[in-house]
Amino acid sequence: MLRAFPLRGSRLEFGPDDALVAAAQSDLRAFDAVYEHYKPRVYRYLASKSGGSEEAADLCQAVFLKAYDGLRGYKPGSTPFASWLFRIARNTAIDAHRRHQPTVAWEFVPQFQPPAADSPEDELLRAERLRELRLALALIEPEKRDLLALRYAGGLSAAEIAPLVGKSPEAVKKQLQRTLQQLKEHYRDQHE
């Protein structure tokens, strides 16, 4: 359900999460609530793009520092706040990648993890499936990997991803479906 909140003299429509942003824009001490709300999603996204948990934590901290510094410049209604924040996260990850070549640590992405192992054999099968997933992901273009990371690690909707990649939400949905189908076909080919 959308609610209207006054901001800087105008009446704009906000989603439930945007109340946090509006509060932080008027009083930066309220940024803690924004940080706590978005941190898990931003961290998962960055962990999927970085070499490990320490690097992801460092990048996450950098993202929220940039967001804090630029929060007063965010214009509600121009783009969803999650898209604005993940644009910062994406650019931060790209900058870090330019400084050094990270490995993709998909084991940090819960949606891509096989269930926890009950036995050593299960753990071995889990490790093998994760290895196969890494190989399949390595075969697709970086842009498609980024879409998957934004969707599943970052938890963004197609509408929130669209402004980040310059496509319509429908085009993002189709690209995600095609990419998942491509991964399924590769996995099926490996097991035939």
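It should be noted that the structure appears before, not after, this text.
Remember, it's a predicted structure, so these values are computed and weren't measured experimentally. (Residues numbered from 1 in each chain as written. Predicted model: local features only at pLDDT ≥ 70, side-chain atom pairs only at ≥ 80, totals over all residues. Heavy atoms only, no water.)

**Student:** Would you mind going over the packing of aromatic side chains with me for this structure?
**Tutor:** How two aromatic rings sit relative to each other is given by the distance of their centres and the angle of their planes. This structure, assessed with the given rule, holds 8 aromatic pairs. Relative to Trp-84, the ring of Tyr-74 lies with its centre 5.3 Å away and its plane at 50°, an arrangement referred to as tilted. Remark: Trp-84 occurs in helix α4 (residues 81-99) and Tyr-74 occurs in the loop between α3 (53-70) and α4; sequence separation between them is 10 residues. A relative accessible area of 17% places Trp-84 in the buried class. (Phe/Tyr/Trp six-rings, centres within 6.5 Å; stacked < 30°, edge-to-face > 60°. Helix = DSSP H or I, 4+ residues; strand = E, 2+ residues; numbered from the N terminus. Buried < 20%, exposed > 50% of the residue type's maximum accessible area, 1.4 Å probe, protein only.)

**Student:** I'm lost on the pattern of salt bridges in this one. Help?
**Tutor:** Pairing between side chains becomes possible if they bear opposite charge and their charged atoms approach one another. All told, the structure shown has 5 salt bridges when counted by the stated rule. Between Arg-29 and Asp-27 there is a salt bridge, with its nearest N and O atoms 3.0 Å apart. The partly exposed category is assigned to Asp-27, whose relative accessible area is 30%. Of the charged contacts, one joins Glu-141 and Lys-144 as a salt bridge, the two residues approaching to 3.0 Å between their closest N and O atoms. Salt bridges sharing common partners tie together Lys-49, Arg-90 and Asp-146. (Salt bridge = Lys/Arg side-chain N within 4 Å of Asp/Glu carboxyl O.)

Function-wise, these values are silent; they only describe arrangement.
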